[in-house]
Amino acid sequence: MSEWIEIATADECPPGTSIERVAGDRMIALANVDGRWHAIDGLCPHQGGPLGTGRLCGTVLTCPWHGWQFDVVTGRHTISPTTRQTVHEVREEGGRVYVRLAGGYAAAGMEQPG
Ligand code: FES
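The rules behind each value
- Residues numbered from 1 in each chain as written.
- Predicted model: local features only at pLDDT ≥ 70, side-chain atom pairs only at ≥ 80, totals over all residues.
- Heavy atoms only, no water.
- Pairing = 2+ DSSP bridges.
- Helix = DSSP H or I, 4+ residues; strand = E, 2+ residues; numbered from the N terminus.
- Axes fitted to C-alpha atoms, helices over the stretch in contact; angles between N-to-C directions.
- Buried < 20%, exposed > 50% of the residue type's maximum accessible area, 1.4 Å probe, protein only.
- Contact = heavy atoms within 4.5 Å.
- Phe/Tyr/Trp six-rings, centres within 6.5 Å; stacked < 30°, edge-to-face > 60°.
- Lys NZ or Arg CZ within 6 Å of the ring centre and 35° of its normal.

(A) Structural view of the sheet that holds strand 5 (residues 55–57). Read across the sheet, 3 strands follow the order 5-6-7 without closing on themselves; strand pairing throughout is antiparallel. The two strands at the open ends of the sheet, each matched to only one other strand, are strand 5 and strand 7 (69–71). Averaged over all adjacent pairs, the angle separating strand axes in this sheet is 25 degrees, with direction ignored. In terms of strand pairing, strand 6 (residues 60–62) meets strand 7 through 3 bridges, oriented antiparallel. Bridge pairing links Val60 to Asp71 in strand 7.

Laid out in structure tokens, this is it:
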């Protein structure tokens, strides 16, 4: 089981925005959807764009490089059913945001079994 890793303060990512962070060996796209936190692998599987710096609209995060879109709740690409980012657990405590990496420190972008 992975440990919780502090990746941001809550005020660094206001509602309706996303940010890019590093946790362990992963790039993380941290999103605040109306006060609910979500985290997915932050390297875009297209060409490695920084998803966390993209535009968040509702639960859809758009890669800033070529526009691929992912749902930050499910990690799924909005069009391709086989393209999916790993989703990580997130919690906020005392104004600090923590992530627990799914599958430990595996390679970014790998879909989790089950
Ligand atoms: S690198 Fe993300 S859409 Fe191309």
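(B) Representation of the pairing of strand 4 (residues 36–41) in the model. Of all 6 residues in strand 4, 5 are buried; the element is thus mostly enclosed. Relative to strand 4, strand 3 (residues 26–33) is paired through 6 bridges, and the arrangement is antiparallel. By the bridge assignment, Leu30 is partnered in strand 4 with Ala39. Once strand 3 ends, the chain turns through 2 residues before running back antiparallel as strand 4, passing Asp34 with a positive phi of about 50 degrees. Bridge count for strand 4 against strand 8 (residues 87–93) is 2 bridges, and the pairing is antiparallel. By the bridge assignment for strand 8, Ala39 is matched with His88.

(C) Here's a closer look at the side chain of Thr83. Following the sequence through the fold, Thr83 ends up in the loop between strand 7 and strand 8. Not counting residues up to four positions away in its chain, the partners in contact with Thr83 are Pro45, Trp68, Phe70, Gly75, Arg76 and His77.

(D) Spotlight on the packing of aromatic side chains. Applying the stated criterion to the full structure yields 0 aromatic pairs. Geometry around Trp4 places Arg91 over its ring, the cationic atom sitting 4.8 Å from the centre. In this structure, Arg91 packs its charged tip against the face of Tyr98, placed 4.7 Å from the ring centre.

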